[in-house]
Amino acid sequence: MSSALKPIEIQWACRYNDLLKHKLELRSRYRPTWSPSWVPECGLTNPLAGLRAEDGIGLRAANVLDARRTRDGSPVMLKLVNTALNEWPVLRHFTKGDLAVKYDNHTIPPLEIINDPFAPNHVIIVYPLLRDLDASPLTSFGDCIDFMEQTLEGLHFLHKNGVSHQQITMKNILMDGRRILPQGWHPMNPSRGMDGVTYVGQGSSRDESGGVRYFFIGFTIATMGVDRVPNCGSQSSAPELSYGSNKGHNPYKLDIYMLGRTITHYFSQSRQNAGPLSDIIEDMTVDKPQDRPSAKECLSRVREIKSNMQSRGSSAKPFPPFF
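Keep in mind the model is a prediction, meaning the values are calculated, not measured.

Engineer: Can you walk me through the overall build of the chain in this structure?
Structural biologist: Within the chain one finds nine helices and ten strands. Across the 323 residues that make up the chain, the buried fraction comes to 51%. Across the chain, every contact between residues at least 6 apart in sequence was considered, and the portion connecting residues at least 24 apart equals 70%.

Engineer: Sorry, what's going on with the packing of aromatic side chains here?
Structural biologist: Any aromatic ring pair is given by two values, namely how distant the centres are and how the planes are angled relative to each other. Applying the stated criterion across every chain, the model contains three aromatic pairs. Note on Phe94 and Phe157: the rings are 5.2 Å apart at their centroids and 50 degrees apart in plane angle, and the pair reads as tilted. Of this pair, Phe94 sits in helix α4 (residues 87-94) while Phe157 sits in helix α5 (residues 141-160), placing them 63 residues apart in sequence. The class for Phe94 is buried, based on a relative accessible area of 1%. Of the residues examined, Phe157 reaches a relative accessible area of 1% and is grouped as buried. Following the ring pairs from residue to residue traces out a cluster consisting of Phe147, Tyr214 and Tyr266. Arg131 extends its terminal NZ or CZ atom over the ring of Trp185, reaching a point 5.2 Å from the ring centre. The ring of Tyr103 carries Arg213 above its face, with NZ or CZ at 4.1 Å from the centroid.

Engineer: Explain the side chain of Glu153 here, please?
Structural biologist: Assignment of secondary structure puts Glu153 in helix α5. Setting aside chain neighbours within four positions, we find Glu153 in contact with Tyr103, Asp104, His106, Arg213, Leu299 and Arg303.

Engineer: Help me understand the sheet that holds strand β1 (residues 24-25), please; the structure alone is not making it clear to me.
Structural biologist: Strand order in the open sheet formed by five strands is β1-β2-β3-β5-β4, with antiparallel pairing between adjacent strands. With partners counted over all chains shown, the strands left at the sheet margins are β1 and β4 (112-115), one partner each. Sheet topology note: the β1/strand β2 (residues 64-69) ladder contains two bridges and is antiparallel. Within β2, the residue paired with Glu25 across the bridge is Arg68. Each of β2, β3 (75-82) and β5 (122-128) touches helix α1 (residues 7-14); the most contacted strand, β3, lies at about 105 degrees to it.

Engineer: Explain the pairing of β3 here, please?
Structural biologist: Regular strands place their side chains on alternate faces of the sheet. A large share of β3 lies buried, amounting to six of its eight residues. Across five bridges, β2 lies against β3 in antiparallel orientation. Bridging across to β3, Asp66 finds its partner in Met77. Joining the antiparallel neighbours β2 and β3 is a turn of five residues, in which Gly73 adopts a positive phi near 75 degrees. In this sheet, β5 lies alongside β3 in antiparallel orientation, the contact comprising seven bridges. Its bridge partner lying in β5, Lys79 is registered against Ile125.

Engineer: What is the right way to read unusual backbone geometry from this model?
Structural biologist: Backbone geometry follows two general trends: most residues other than glycine have a negative phi, and most peptide bonds adopt the trans configuration. One non-glycine residue with positive phi stands out, namely Lys23, at about 60 degrees. Within the element layout of this structure, Lys23 appears in the loop between α2 (16-21) and β1. In this structure, Gln166 is a non-glycine residue whose phi angle is positive, near 75 degrees. Considering the arrangement of structural elements, one finds Gln166 in the loop between β7 (163-164) and β8 (173-176). Taking relative accessible area as the criterion, Gln166 reaches 4% and is therefore assigned buried.

Engineer: Whenever I open this one, the pairing of β4 confuses me. Can you help?
Structural biologist: By the bridge criterion, four bridges tie β4 to β5 in an arrangement that is antiparallel. From the neighbouring strand, Ile113 faces β5, where its bridge partner is Ile125. The antiparallel pairing of β4 with β5 creates a hairpin that spans six residues between the two strands.

Engineer: I'm lost on the pattern of salt bridges in this one. Help?
Structural biologist: Should their charged atoms come close, side chains of opposite charge can pair. Across all of its chains, the model carries 16 salt bridges by this definition. Among the salt bridges present, the one from Arg27 reaches Glu54, with a minimum N-O distance of 3.2 Å. With Arg27 in the loop between β1 and α3 (39-42) and Glu54 in the loop between α3 and β2, this pair connects stretches of sequence that are 27 residues apart. Like Arg27, the residue Glu54 is buried in the burial classification. With its nearest N and O atoms 2.6 Å apart, the salt bridge here joins Glu87 to Lys79.

Engineer: I keep staring at α1 and nothing clicks. Help me out?
Structural biologist: The periodicity of an α-helix, 3.6 residues per turn, causes residues three or four places apart in sequence to face the same way. Regarding α1, the residues found buried are Glu9, Trp12 and Ala13. All buried residues of α1 project into a common sector of 100 degrees when viewed along the axis, lining one side. The elements touched by buried residues of α1 are α2, β2, β3 and β5.

About the thresholds
- The residue count restarts for each chain, going from 1 along the sequence in the order it is written.
- For this predicted model, a pLDDT threshold of at least 70 governs which residues receive local features, and a threshold of 80 or more governs which side-chain atom pairs are given and counted, while totals over whole chains, interfaces and linings are taken from all residues.
- The side-chain values count all of the structure's non-hydrogen atoms but skip hydrogen atoms and water molecules.
- In this description a helix means any DSSP run of H or I spanning at least four residues, a strand means any run of E spanning at least two, and both kinds are numbered starting from the N terminus.
- Only protein chains enter the area calculation, which uses a 1.4 Å probe; residues under 20% of their type maximum are buried, those over 50% are exposed, and those in between are partly exposed.
- The contact criterion used throughout is that any non-hydrogen atoms of two residues lie within 4.5 Å.
- Pairing of aromatic rings covers Phe, Tyr and the six-membered ring of Trp, with a centre-to-centre limit of 6.5 Å; geometry is then stacked below 30 degrees between planes, edge-to-face above 60, and tilted otherwise.
- Counted as over-ring charges are cases with an Arg CZ or a Lys NZ within 6 Å of the ring centre that also lie within 35 degrees of the ring normal.
- Any two strands with at least two DSSP bridges between them are considered paired.
- Working convention: axes come from line fits to C-alpha atoms, limited for helices to the stretch in contact. Angles between N-to-C directions cover 0 to 180 degrees.
- A carboxyl oxygen of Asp or Glu within 4 Å of a side-chain nitrogen of Lys or Arg is what we treat as a salt bridge.
- Working note: the arc is built from the helix axis to C-beta atom directions.

So this is what it looks like as C-alpha cells:
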C-alpha cells in the first residue's frame, strides 16, 4: 500500500477546499495536509498497514467519491458529471418539477448540484449514500417480489417518460440501506463501518427492518425520445446486439432484457428461487425483442402475484425522505 494518492484521486484532493465552502468535507485522505495515519507506527515498508486504516481506503471510480455534510454529519456521495453527455439531461429531467416527487420515480434524488470550479462543462451532484445490491443479498421470496416490483415500477416510469437506460446491471441499481443498517457503513467498503475497520456485514433482514427502496443509476448512454439506436455502447449480451450495427435495436426492449438478466443474477447470487416469478423473467429474456412484454405488463403480473400472497406487514412502512 503506497502512501501516495492514486492519480484518479488527485482531482478530488484539489477540490477539497472548494467543496468545504459548500459545507462538504472529504475524508482525511483527501485533505491537502494529509499524511498516512499508519506510517508513524508501521512505516512505509509494511504493504498491509494501510488496509487496517480508514484513510488507507481509496475510491472505486474516478468520478465518484464520498463526503460528509458538515451541517449535520450525514454521509453523501459526490459524482462529477459532464453536462455535454447523455446523463445530464436525463438526470435534470427526472429531478425537477412534478416528476421529481413521483413515487414511481426510482432515480436518485440529488441533495445539491454544484458547478465544478475546475471544469466549466461539469457539475458535482451531491447524492445520499446508497448501498450496493451485492452487499445485502435478498433473504426471502417476499424480498424477491419487492425487488422485482420496484425495479419494474422504476423502469416503467422511465419508459413512459421516453427514457431508456441501456445499462441495467446490478452495479447500476442501488438501495437505500438506512433501515437495514441504521448505524451506517463505509461508502467505499460496505461490509465495514464508517471507521473502515468494524465489520457490519449485510445488515438486518428487509422484513424485520421495514424494507428498502431501490434506485437506478448510471445513465451514461441513456436515450430520450428515441425508438431505435445503433448497436454500440451497451455491454449487454442481448441477442439483438449481435445483429449488426446497421440494424440498430429498440432500447426499451433491451432494457427489459437487461433487467430480466439482472433479476436472475441477483436471485441466484442471493440463493433465492424465483418461483411464480420465473415465467415473467423468462418472457423478459426471450431472444426476439418484439416478443418481450413491456415493463408495464411485467409490473402488472408481478403485482397480481403479490396480491395473492400474505401482506408483508412492517415492510410496508413509508420510506423517510432524504434531506
